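Residues per chain are reported as follows:
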Amino acid sequence: MKTMLAIISNALCRMTGRNVGAQTVSELLIDLSQFVSTTSSQTASSTLPQNERQPPKPPPPPPPPVSTESAAEQLGRDQNHQLDRPGARVVISRSFADFTTQATFDIKKCDVHRLEEGPPVRAELTRDQGLQYYRTMQTVRRMELKADQLYKQKIIRGFCHLYDGQEACAAGIEAAINPTDHLITAYRAHGYTYTRGVSVKEILAELTGRKGGVAKGKGGSMHMYAPHFYGGNGIVGAQVPLGAGIALACKYQDNDQICVTLYGDGAANQGQLFESYNMAALWKLPCIFICENNGYGMGTSVERAAASTDYYKRGDFIPGIRVDGMDVLCVREATKFAADHCRAGKGPIIMELQTYRYHGHSMSDPGVSYRTREEIQEVRTKKDPITMLKERMISTNMASAEEFKEMDMEIRKEVEEAAQFATSDPEPALEELCNHMFYNNPPLEVRGTNPWSKLTSVS
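How each quantity is defined
Residues numbered from 1 in each chain as written. Predicted model: local features only at pLDDT ≥ 70, side-chain atom pairs only at ≥ 80, totals over all residues. Heavy atoms only, no water. Helix = DSSP H or I, 4+ residues; strand = E, 2+ residues; numbered from the N terminus. Buried < 20%, exposed > 50% of the residue type's maximum accessible area, 1.4 Å probe, protein only. Contact = heavy atoms within 4.5 Å. Areas by Shrake-Rupley, 256 points an atom, 1.4 Å probe, with all protein chains shown as cover. Pairing = 2+ DSSP bridges. Axes fitted to C-alpha atoms, helices over the stretch in contact; angles between N-to-C directions. Patch = residues over 30% accessible without salt bridge, like charges linked within 9 Å, V, L, I, M, F, W, Y side chains within 5 Å. Salt bridge = Lys/Arg side-chain N within 4 Å of Asp/Glu carboxyl O. Expected span 1.5 Å × (residues − 1). pLDDT = per-residue confidence, 0-100. Phe/Tyr/Trp six-rings, centres within 6.5 Å; stacked < 30°, edge-to-face > 60°. Parallel < 35°, antiparallel > 145°, perpendicular 65-115°, else oblique. Left-handed = near helix turned anticlockwise from the far one by under 90°. Nonpolar A, V, L, I, M, F, W, Y, C, P; charged D, E, K, R; others polar.

## Things to note about the overall build of the protein
A tally of helices and strands in the protein yields 15 helices and 14 strands. For the protein, the residues scored as buried account for 46% of the 459 residues in total. Summarising the internal contacts of the protein: among those between residues at least 6 apart in sequence, 70% fall at separations of at least 24. As displayed, the protein has an accessible area near 24300 Å², and 53% of this comes from carbon and sulfur atoms.

## Notes on helix H8 (residues 200-207)
For H8, the tally of buried residues reaches six of eight residues, placing the bulk of the element in the interior. Within the span of H8, buried status applies to Val200, Ile203, Leu204, Ala205, Glu206 and Leu207. Among the structural elements, helix H5 (127-152), helix H7 (190-195) and helix H15 (401-424) are those in contact with the buried residues of H8.

## Digging into the sheet that holds strand S11 (residues 320-324)
Strand order in this open sheet of six strands is S4-S11-S12-S8-S7-S6, and the pairing throughout is mixed. Strands with a single pairing partner mark the edges of an open sheet, and in this sheet they are strand S4 (111-113) and strand S6 (182-184). Taken pair by pair, the neighbouring strands of this sheet meet at an average axis angle of 20°, ignoring direction. Bridge analysis of strand S8 (residues 287-293) against strand S12 (residues 349-354) gives six bridges, and the strand direction is parallel. Each bridged residue has a counterpart across the sheet, and for Asn293 the counterpart in S12 is Gln354. Sheet strands touched by helix H12 (residues 328-343): S8, S11 and S12. Its angle to S12, the strand with the most contacts, is close to 170°.

## Some details on a nonpolar patch on the surface
Together, Leu248, Met279, Leu282 and Trp283 give the surface a local cluster of nonpolar side chains, amounting to about 390 Å² of exposed area. Top contributing element to the nonpolar patch by residue count: helix H10 (residues 271-283), with three residues. Its location among the elements puts Trp283 in helix H10.

## Some thoughts on H5
With 26 residues, H5 ought to run about 38 Å at 1.5 Å a step, and its terminal C-alpha atoms sit 38 Å apart, in line with that. Downstream of H5 by a residue or two, Lys154 has a phi angle that is positive, lying close to 65°.

## Looking at the confidence of the model for the protein
Per-residue pLDDT for the protein has a mean of 87; in total, 79% of the residues score no lower than 70. A low-confidence stretch, residues 34-53 (pLDDT under 50), is modelled with 22 contacts involving residues beyond four sequence positions or located in other chains.

## Here we look at the pattern of salt bridges
Taken as a whole, this structure holds 15 salt bridges when the rule is applied. Glu167 is paired through a salt bridge with Arg141; the nearest N and O atoms lie 2.5 Å apart. Placement of the pair is Glu167 in helix H6 (residues 167-176) and Arg141 in helix H5, with a sequence separation of 26 residues. Across the pair Glu333 and Arg332 runs a salt bridge, and its minimum N-O distance is 2.8 Å. For the pair shown, Glu333 and Arg332 are each scored as buried.

## A look at the packing of aromatic side chains
Enumeration according to the criterion identifies six aromatic pairs in this entry. A ring pair is formed by Phe274 and Tyr277, whose centres lie 5.6 Å apart and whose planes are at 80°; its orientation type is edge-to-face. Linking Phe274 with Tyr277, this pair stays in helix H10, spanning three residues, or about one helical turn. Among the residues examined, Phe274 registers a relative accessible area of 33% and is labelled partly exposed. For the pair Tyr277 and Phe289, a centre-to-centre distance of 5.1 Å together with 75° between the ring planes defines the contact as edge-to-face. Of this pair, Tyr277 sits in helix H10 while Phe289 is found in strand S8, placing the two residues twelve residues apart along the sequence.

## Re the packing of H5 against helix H14 (residues 385-395)
With their axes 10 Å apart at the nearest point, H5 and H14 run at an angle of 155° to one another. Our classification of the angle between H5 and H14 gives roughly antiparallel. The hand of the H5/H14 crossing is left-handed. Along the contact surface, H5 presents Arg127, Gly130, Leu131, Tyr133, Tyr134, Met137, Gln138 and Arg141, while H14 presents Pro385, Ile386, Leu389, Lys390 and Met393. Class assignment for the residues of the contact of H5 with H14 results in eight nonpolar, two polar and three charged.

## Here we look at the packing of H5 against H15
Relative orientation of the contacting elements H5 and H15 amounts to 40°, with a least axis distance of 9 Å. When the axis of H5 is compared with that of H15, the two are oblique. Read as a crossing pair, H5 and H15 show a hand that is right-handed. Of the residues in H15, those in contact with Arg127, Leu131, Tyr134, Arg135, Gln138, Thr139, Arg142, Met143, Lys146 and Leu150 of H5 are Glu403, Phe404, Met407, Asp408, Glu410, Ile411, Arg412, Val415, Glu416, Ala419 and Thr423. A class-by-class count of the residues in the contact of H5 with H15 yields nine nonpolar, three polar and nine charged.

What follows is the structure in structure tokens.
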């Protein structure tokens, strides 16, 4: 039966140029009953020679007997018969009404520490949410691949840490918090810069050091900022105490906001993290400490760098959860759970996102001297966050393969246009070098590279 279904689907694909995508016989019959119209070519008889005798027309068929088949079954059977006729032509169209608007999926159970229960093991997804998550993750993926290309062309220089592979973390976290909540991260910041509202054009222009960049070309890869987004920090682990301070401001102002403070497994052994944990627990700060565990701190695996790799338990007295960081739905549900914990006044919580980066630590790291290409390919094949979401939506009829292809083309175009801007926009002028050093100070003179050169700083 599956073979016959595949033959029919392939025949429809060849005739229409579209992917029918039916998974079962009933789905194929429903598609045919609603959206298939057949017309038969009438040219066969007209092409016969006039002197050739035509066969007599058959007598009209008797009235059909009463059938117990449903209308869809009858129409499907009749149309299947018509499809066998020579010259038959099939026209298939689909509208948004065809798609499932909402579905529920099983997600991996989270490991918990000092919690009676963890996040749910089932997640609801609407079609609009799924398409938005896909667009976000695919945009980050394409943006990072373009950054890789520009770096290899020596258009982007200096430090550059790419985020491809970890897109589900940024997309899932942003889907679970409010725009007015706060987020601070380390130097692998491009994905979060995008999810916090900065355009691809401004990000790539910042990477190339142009004045149209989000930090006016003076921050580069590790120093991008947006409202309620505090970077992008180049010092390993230094953003964690800052995140605790932002959470202290939220508690002090009593504004029901939280701070998401991110760091990597390589920074997890820093002493300043544990000092921040202690203060956050004492003061019950609304802070979600998130360790993005991608398996390697630079070129050192977590097993070689840490006596305990249970990073979600590192807070000891702080509750923790370990999450599948390659599943955007799992990340979203866990972050919602953690955010509710903080807003309820229960203090901080630690999340460990088990994820993976496809590139090396930075662009100077080929990424294959401490791990095999086969390991990377296995993750791409079995755990890729974008592919996982796409297959979920197609298998539940929430979207079509053609729709994803169209979205991919739109994203490619957007990234290409952003790259054109990032390579053609002028660099900031020398007189702007010292601008924006302070938030709201009046203009002041700043000494340049020698005691005789003076530059003006404008806030």
